[in-house]
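# Understanding the architecture of this molecule
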Amino acid sequence: MRTFNLLFIATSLLVTFSSVANEKADKSSVSFDTPKKFRDIRASDESQKRFTSRLQKKLDNYVQKLSKELPEGHSLNIVFTDIDLAGRAEYNVTMSREIRVVKHHDWPRLNFKAELLKGGNVIQSESVELKDLVFMDRSFVGYSSGDTLRYEKRMLKDWFRKELLNSI
């Protein structure tokens, strides 16, 4: 019985470490080319530096989440070249602070360069320009109303599933 337990533990550790190694090997990367020049990533109620850092982390995490749908051995490199978030940061007199106000005419835009890799070699490369002119008229099944990037995430997800995955 003791031998069985040791064998089970050893096998479990081996599987865990090999899956961690595969996950790291296939990990996608996200970077941002000169965020200070982006069209609109203006902070509304926090420092610009903190907002930009939080935005980058959220987009990176979301791309990593999407990348888990890639076939084994594939990874994705994305370099954001311009971001225009849905809405505009405006001063609200009643609240005595800036807030992001989202209206129909302030649609989200994402521009980025995408590279699809297989085994570390680039198999597809493209410049992508996404915008959603009817972003407020679509349903948000699966997105929290408190998710400040729900419009941008939906555009990324649509591109990822309809364009990228279909091209593999």
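Residues numbered from 1 in each chain as written. Predicted model: local features only at pLDDT ≥ 70, side-chain atom pairs only at ≥ 80, totals over all residues. Heavy atoms only, no water.

Attention now moves to the packing of aromatic side chains. Within this structure, the stated rule accounts for four aromatic pairs. Put simply, the rings of Phe 32, Phe 80, Phe 112 and Trp 159 touch in pairs and so form one group of aromatic residues. (Phe/Tyr/Trp six-rings, centres within 6.5 Å; stacked < 30°, edge-to-face > 60°.)

Relative to the elements of secondary structure, Ser 67 occurs in helix H2 (residues 48-67). Looking at Ser 67, its side chain comes within polar contact range of the main-chain oxygen of Val 63, at 2.8 Å. Residues contacting Ser 67, with those up to four places away along its chain left out, are Ser 28, Leu 76 and Phe 160. (Helix = DSSP H or I, 4+ residues; strand = E, 2+ residues; numbered from the N terminus. Polar contact = N/O pair within 3.5 Å; in protein donor to acceptor, adjacent residues only side chain to side chain. Contact = heavy atoms within 4.5 Å.)

The next subject is the side chain of Asp 106. Structurally, the position occupied by Asp 106 is in the loop between strand S4 (97-101) and strand S5 (109-118). With residues up to four places along the chain from it excluded, the contact list for Asp 106 reads Leu 85, Ala 86, Gly 87, Arg 88, Val 101 and Phe 135.

Right, let's talk about unusual backbone geometry for a bit. Unusually for a residue other than glycine, Thr 34 sits at a positive phi of about 55°. Structurally, the position occupied by Thr 34 is in the loop between strand S1 (29-32) and H2. Backbone geometry places Ser 96, a non-glycine residue, at a positive phi of 55°. The topology assignment puts Ser 96 in the loop between strand S3 (88-92) and S4.

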